[in-house]
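A structural walkthrough
Listed below are the residues making up each chain.
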Amino acid sequence: MTLEPAVSAWSVVRGVDIASPGCSVKDSFADLDLAEDGFEVLFEAQWIHRPAGAPMPEPEAEAAKLEWSEVADAGELAAWEAAFDDDGGDRLFRPALLRDGIVFLAGRTDGRIVAGAVASTGGGVVGVSNLFGPAWAGVLGAVCARWPGLDVVGYEHGEDLEAAVRAGFTAIGPLRVWLRPSGTGTVLAQ
């Protein structure tokens, strides 16, 4: 992940494991060109920001029925991930994350997880990611109850960006995620 604008592609690529399948780079300012190094743009998005104390959005009818809580243990995390990744792919989230200050929020109906998000703090803000289901109103309610004085940030694109804007976020700048497909050799442009 780039942490400042105008870094060279060379300085980014030499710091990542390009030999591993699925190597990716979050270009936080959308100002890199990694194509010469075998990367392809996975997606482009917008950073989003919502100030602390902003009015809460009204939940849509389906979302208003959800009960929100934090995932408490490895079993709940597995259920959360199954709802998040409905194609049954590999596990992405290790249970150790629950001890590392990462908060998995679950929106439940009849005890079944149907919506969720991941929240973490740092730099005086709450970062929200991995939303699924009818989530913004419930996620913001849970985040603001736990961290009432912190702004909320993240990134979204497409319809998810539109939903975030409806929930009170402002798009504040572009980002790009690059992926290096497996089998692309070891070319390093300089």
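To be clear, the structure that these remarks concern was listed above.
Residues numbered from 1 in each chain as written. Predicted model: local features only at pLDDT ≥ 70, side-chain atom pairs only at ≥ 80, totals over all residues. Heavy atoms only, no water.

The next subject is the pairing of strand S6 (residues 125-132). Of the strand pairs in this sheet, strand S5 (residues 112-122) and S6 are connected by six bridges, and their pairing is antiparallel. Of the residues in S6, the one forming a bridge with Gly 116 is Phe 132. Between S5 and the antiparallel strand that follows it, S6, lie two residues; Gly 123 among them carries a positive phi value of about 65°. Bridge analysis of S6 against strand S7 (residues 151-156) gives three bridges, and the strand direction is parallel. Bridge assignment links Val 126 to a residue of S7, and that residue is Val 152. Running through helix H4 (residues 136-146), the crossover from S6 to the neighbouring parallel element S7 is right-handed. (Pairing = 2+ DSSP bridges. Helix = DSSP H or I, 4+ residues; strand = E, 2+ residues; numbered from the N terminus. Right-handed = clockwise from strand over helix to strand, strands pointing away.)

Here we take up helix H5 (residues 158-166). Where H5 is concerned, the buried positions are Leu 161, Ala 163 and Ala 164. Angularly, the buried residues of H5 cover 160° about the axis, an arc narrow enough to put them on a single face. Exposed and facing more than 90 degrees away from the buried side of H5 are Glu 159 and Arg 166. Those residues of H5 that are buried are in contact with strand S2 (40-50), H4, S7 and strand S8 (170-180). With its phi angle positive at about 105°, Gly 168 sits one or two positions after the end of H5. (Buried < 20%, exposed > 50% of the residue type's maximum accessible area, 1.4 Å probe, protein only. Arc of directions from axis to C-beta. Contact = heavy atoms within 4.5 Å.)

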